[in-house]
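Here is how the chains run, residue by residue.
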Amino acid sequence: MNARDAILARVRTALRDVPRDETPADVEVPRLTAPVVPDPVGLFAERVADYKATVVRCTPAELPDRLAEALDGVGRLLVPTDLPPDLHPAGPELVADTHLPVTALDALDGVLTTARLGIAETGTIVLDHGPGQGRRAATLVPDLHVCVVRTDQVVGGVSDAVAALDPHRPQTWISGPSATSDIELDRVEGVHGPRTLHVLLVG
Amino acid sequence: MSELARESSTRRSARSAEPAPRASARGATFLGTPPFPTAAKAALADTQLRRNLAHATGTIRGKRAAVVAEVDNWEELRLAGAALKDRTLRHLDTYLTQLETALTKAGATVHWAGDAAEANRIVVDIARAHDTDEVVKVKSMATVEIGLNEALADAGITAWETDLAELIVQLGDDLPSHILVPAIHRNRSEVREIFLREMGRAGKPAPADLTDEPARLAAAAREHLREKFLRAKVAVSGANFAVAETGTLAVVESEGNGRMCLTLPEVLISVVGIEKLVPTWEDLDVFLQLLPRSSTGERMNPYTSMWTGVTPGDGPQEVHVVLLDNGRTDVLADEVGRQALRCIRCSACLNVCPVYERTGGHSYGSVYPGPIGAILTPMLRGVGHDEQVDSLPYASSLCGACFEVCPVRIDIPEVLVHLRSQVVDAHRGRPSLQGAAMKAASWMFGRSARTAAAEKLSGLGSRVLDRTVRRRAPGGRRALGSLPWPVSAWSDARDTPVPPPESFRAWWSRTDGGRR
């Protein structure tokens with residue numbers, strides 16, 4: 001017997017006590033009451049900031065100025081090839097991510113992307129690496145991540161996010177800058193991922 | 001053998017005459033650890049360890065309590081988490097084949113491993129096929145359990161641990177002592193010393209002016225590991241969850257080392273215990289709320305990566321998933337103990353356990369320490385063969401704090417008691433002091449005349465002792481001190497009261513039930 005069949009046979013033997021006619025649906029799972037989030041956008045801003053990320057709220061008209069401020073001092077900025085042109089900032093040299101090798105990504109000062117959605121309750125930004133969000137390595141290797149989130153992309157809780165997302169796309173859920181609690185369980189920001197996370201909340 | 005794998009193994013043998021503890025053949029325990037009471041005694045004497053642990057567990061307990069209190073429907077979430085895992089476990093064969101189909105459709109290769117040796121062989125063969133002498137690793141309990149790093153080293157392949165705590169353990173040639181924070185037993189100045197001493201031998205050295213500030217230590221790890229991330233061809237991970245319906249795997253982490261390993265290399269191998277499954281994508285909702293709050297005490301961990309097979313043009317283009325049994329089906333077969341497979345490895349039970357806080361993780365001699373380890377390890381390994389394993393169900397005061405905090409409601413005290421009875425049953429038939437004493441007692445109580453004679457004897461002894469014994473137990477009753485062996489095993493830690501001068505039965509017949 002190969003390993004697969006042996007394991008499945010052992011599983012079936014182990015479950016002898018489970019009635020033959022029981023289906024997965026027979027194991028009842030209590031329904032969750034969805035928590036009501038009165039001001040998702042305000043809560044999102046507050047909770048992202050709790051992780052020591054920078055959060056700036058602005059109107060679409062103010063966005064170019066806020067972008068310029070966020071990117072002050074950045075020399076070479078990585079941008080996904082499909083980043084909407086109205087988000088292209090003035091100032092830094094823009095480097096389009098045309099499947100650059102990782103060592104090239106490592107030599108850049110920052111990356112600018114959009115997001116798929118934001119979760120208010122947990123202060124989380126979710127990327128599904130669709131248009132404007134870049135491939136997964138793009139928001140990982142450079143040390144600064146500037147992320148533009150529209151207020152109409154903010155959902156209340158984790159349940160709302162899971163319901164809206166497509167599991168067949170790769171996803172990165174980001175809650176603040178890279179951090180660790182590994183030394184004396186004390187959270188410190190800044191390990192392998194971007195050490196600075198700058199969120200522009202537009203709308 | 002790569003230069004560093006060789007160096008690491010010679011370093012081990014040079015440091016001590018005894019081989020460094022390794023995961024045993026079946027996994028789950030570290031060979032060479034004495035039974036819990038002996039190991040705990042040594043750990044209790046280590047005041048530095050107790051300070052480190054008290055500080056760390058105290059910090060995390062406070063953080064967890066605060067973020068759990070924020071969630072109005074926390075109990076509902078716990079009930080849902082437990083029920084979802086029960087649903088998965090009771091129909092595990094269905095979900096495993098469903099996962100296999102979904103993964104294959106998404107471009108991943110699925111492997112099945114019955115035990116540690118099979119799993120290790122699969123990983124080694126894949127790494128060899130890519131002609132690499134190193135792999136980068138995301139923190140994974142399953143790979144510690146199967147002793148993967150040692151198996152890779154034997155094949156000449158160096159496994160670089162990239163999680164900060166795992167890095168501290170690996171560089172310090174040490175053993176993990178906590179599920180979430182394997183280096184919890186080390187404080188900041190110990191970490192600084194290890195980094196200064198060892199980093200240069202494994203790659204980029206630590207800066208000479210390194211201080212013990214956690215931010216500086218984290219920065220040193222960033223510098224040290226970056227070159228390894230950028231050049232690695234093969235990565236090894238575990239998975240926190242595997243969605244049967246879609247074939248999606250999830251890794252929950254903080255530092256970004258997980259993202260580095262899951263994204264940059266060409267080849268990704270994930271070793272996934274068969275209990276990691278959840279039925280549907282929607283079910284992740286419950287677990288992504290339960291896990292971070294229970295684990296690091298955060299509303300959400302900094303990074304969660306989810307991937308479904310291969311994504312063309314993004315991340316590894318060759319994806320392997322190794323489904324691991326290694327004793328899990330034995331746990332599944334135990335109707336009381338089965339609930340232990342609900343565990344999502346949050347480590348909340350370790351952080352609240354009064355025994356863990358005082359003795360630390362190493363005393364359990366087990367990959368999975370603390371309350372969950374005290375039930376999981378004996379079930380994975382089986383009881384009745386190994387004194388060390390058999391001692392684990394007793395490493396608890398049964399206070400129940402672990403059950404209170406468990407996000408998937410594993411009734412750890414219930415399983416501990418169940419396993420204690422299994423241990424006793426496994427040793428039944430062998431002569432024991434306790435057995436002999438019980439036999440004598442049953443002979444004595446079996447006939448009322450014998451009982452009366454024994455009571456008379458005890459009353460006589462009492463009158464003698466009452467005159468000679470000076471010691472008093474709390475409450476004022478006279479008590480005996482330490483008694484000679486073999487009774488000393490009992491009396492050394494307890495007050496033995498002086499027997500009463502008159503038995504209840506004698507008193508009753510003398511006073512006609514108190515009427516005279």
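Every value quoted in this text rests on a predicted model; they were computed, and no experiment measured them.

Criteria and thresholds
- Residue indices follow the written sequence of each chain, beginning from 1 at its first position.
- Chain letters start at A and ligand numbers start at 1, both assigned in the order the entries are written.
- For this predicted model, a pLDDT threshold of at least 70 governs which residues receive local features, and a threshold of 80 or more governs which side-chain atom pairs are given and counted, while totals over whole chains, interfaces and linings are taken from all residues.
- Only hydrogens and water are removed before side-chain values are computed, so all heavy atoms of the structure are retained for them.
- Secondary structure is summarised from DSSP: a helix means a run of H or I of at least four residues, a strand means a run of E of at least two, and numbering begins at the N terminus for each.
- The atom set for the radius of gyration is the C-alpha atoms, and the globule formula is 2.2 Å times the number of residues raised to the power 0.38.
- Relative accessibility under 20% of the residue-type maximum defines a buried residue, over 50% an exposed one, and the middle range a partly exposed one, all with a 1.4 Å probe and only protein chains included.
- Working rule for contacts: check all heavy atoms of both residues, and any pair within 4.5 Å makes them a contact.
- For every accessible area listed, the method is Shrake-Rupley and the probe measures 1.4 Å; residues are considered covered only by the protein chains on display.
- Residues scored as charged are limited to Lys and Arg (positive) and Asp and Glu (negative), so that His and the chain ends carry no count.
- A single reference atom marks each charge: NZ on Lys, CZ on Arg, CG on Asp, CD on Glu.
- Summed over both partners, the accessible area lost on bringing two parts together, with a 1.4 Å probe, is the buried area.
- One speaks of a salt bridge when a side-chain nitrogen belonging to Lys or Arg is within 4 Å of a carboxyl oxygen belonging to Asp or Glu.
- Polar contacts, as counted here, are pairs of nitrogen or oxygen atoms within 3.5 Å of one another; within protein the pair requires one atom able to donate a hydrogen and one able to accept it, and residues that are adjacent in sequence qualify only if both atoms are side-chain atoms.
- Each residue receives one of three labels: charged for Asp, Glu, Lys and Arg, nonpolar for Ala, Val, Leu, Ile, Met, Phe, Trp, Tyr, Cys and Pro, and polar for the others, Gly being one of them.
- Here, any two strands with at least 2 DSSP bridges between them count as paired.
- Any helix carries an expected span of 1.5 Å times its number of residues minus one.
- Domain boundaries shown here were taken from an automatic or database domain assignment.
- To obtain an axis, a line is fitted to C-alpha atoms, over the contacting stretch when the element is a helix, and the angle between two such axes runs from 0 to 180 degrees between their N-to-C directions.
- For Phe, Tyr and Trp, rings pair up if their centres lie within 6.5 Å, where Trp contributes its six-membered ring, and each pair is then called stacked (planes under 30 degrees apart), edge-to-face (over 60) or tilted (otherwise).
- Remark: a charge is flagged as sitting over a ring if the NZ atom of Lys or the CZ atom of Arg is within 6 Å of the ring centre and within 35 degrees of the ring normal.

## Some thoughts on the overall build of chain A
At step 1: When helices and strands are counted, chain A shows five helices and twelve strands.
At step 2: The C-alpha radius of gyration of chain A comes to 21 Å, more than 25% above the 17 Å expected for a compact globule of 203 residues.
At step 3: The principal-axis extents of the C-alpha atoms in chain A amount to approximately 70 × 45 × 40 Å.
At step 4: A burial count over chain A gives 57% of its 203 residues as buried.
At step 5: Considering only intrachain contacts with a sequence separation of at least 6, the fraction spanning at least 24 residues in chain A is 69%.
At step 6: Surface accessibility of chain A: about 8600 Å² in total, with carbon and sulfur atoms responsible for 50%.
At step 7: For chain A, the separation between the mean place of its 18 positive charges and that of its 29 negative charges on side chains is 8 Å.

## What about the interface of chain A and chain B?
At step 1: Opposite the 72 residues of chain A that make contact, chain B presents 93 residues.
At step 2: Surface buried jointly by chain A and chain B totals about 7200 Å² across both partners, of which 59% is contributed by carbon and sulfur atoms.
At step 3: When the buried area of chain A at its contact with chain B is split by residue, E184(A), L185(A) and H192(A) rank highest and sum to 12% of it.
At step 4: Counting across the interface, chain A meets chain B through ten salt bridges.
At step 5: The shortest N-O distance in the salt bridge between R4(A) and E100(B) comes to 2.8 Å.
At step 6: Inspection of the chain A/chain B interface yields 39 residue pairs in polar contact (both at pLDDT 80 or more).
At step 7: Looking at the side of chain A that touches chain B, the element that brings in the most residues is helix 1 (residues 3–14) of chain A, giving eight residues.
At step 8: For the side of chain A that touches chain B, the class distribution of residues is 33 nonpolar, 19 polar and 20 charged.
At step 9: Taken together, the four bridges between strand 9 (residues 171–174) of chain A and strand 9 (residues 303–308) of chain B define a ladder with antiparallel strand orientation. Bridged to W173(A) within strand 9 of chain B is T304(B).

## With respect to helix 5 (residues 92–105) of chain B
At step 1: With 14 residues, helix 5 of chain B extends 20 Å from end C-alpha to end C-alpha; this agrees with the ideal 20 Å at 1.5 Å per step.
At step 2: Residue G107(B) follows helix 5 of chain B closely and has a positive phi angle near 95 degrees.

## A look at the domain arrangement of chain B
At step 1: By domain assignment, chain B separates into domain 1 (3–328) and domain 2 (435–511).
At step 2: Here the C-alpha centroids of domain 1 of chain B and domain 2 of chain B sit 55 Å apart.

## A word on the packing of helix 3 (residues 47–69) of chain B against helix 13 (residues 284–295) of chain B
What describes two packed helices is the angle between their axes and the distance between those same axes.
Residues and elements named next belong to chain B.
At step 1: Closest axis-to-axis distance for the helix 3/helix 13 pair is 7 Å, and the angle between their directions is 145 degrees. Residues I60, R64, V67 and V68 of helix 3 pack against R293, S294 and S295 of helix 13.
At step 2: Along the lines of polarity and charge, the residues of the contact of helix 3 with helix 13 split into three nonpolar, two polar and two charged.

## Considerations on the packing of aromatic side chains
All names here are of chain B.
At step 1: Inspection of every chain in the model, using the stated rule, returns six aromatic pairs over all chains.
At step 2: Between F241 and F287, the ring centres sit 5.5 Å apart and the planes meet at 35 degrees, which makes this aromatic pair tilted. A residue pair is termed long-range when its members are at least 10 positions apart, and F241 in strand 5 (residues 241–243) and F287 in helix 13 qualify at 46 residues.
At step 3: Of the residues examined, F241 reaches a relative accessible area of 1% and is grouped as buried.
At step 4: Judged by its relative accessible area of 0%, F287 falls in the buried class.
At step 5: Relative to W508, the ring of F504 lies with its centre 5.8 Å away and its plane at 45 degrees, an arrangement referred to as tilted. On the criterion of helical spacing, the pair formed by F504 and W508 is a turn pair, its members being four residues apart in helix 24 (residues 504–511).
At step 6: Aromatic rings pair up to connect F36, Y356 and Y364 into one cluster.
At step 7: The ring of F403 has R78 lying over it, and the distance from NZ or CZ to the ring centre is 6.0 Å.

## Description of the environment of N257(B)
At step 1: Checked against the element boundaries, N257(B) lands in helix 12 (residues 257–263).
At step 2: Using a relative accessible area of 2% as the deciding quantity, one classes N257(B) as buried.
At step 3: Once the C-alpha coordinates of N257(B) and A208(B) are considered, the two residues, 49 residues apart in sequence, prove to be 24 Å apart.
At step 4: For N257(B), the contacting residues outside a window of four places in its chain are H192(A), T162(B), D163(B) and F229(B).
At step 5: A distance of 3.0 Å separates the side chain of N257(B) from the side chain of T162(B), its partner in a polar contact.

## Some points on the sheet that holds strand 10 (residues 318–324) of chain B
Residues and elements named next belong to chain B.
At step 1: Across the sheet, six strands lie side by side as 1-10-7-4-2-3; this open sheet has parallel pairing. Two strands close off the open sheet at either side, each with one partner strand: strand 1 (109–113) and strand 3 (158–161). Geometrically, the sheet is characterised by an average inter-axis angle of 25 degrees between neighbouring strands, direction not taken into account.
At step 2: Docked against the sheet, helix 6 (residues 116–129) engages strand 1, strand 2 (134–137), strand 4 (234–237), strand 7 (267–273) and strand 10, running at close to 145 degrees with respect to strand 1.

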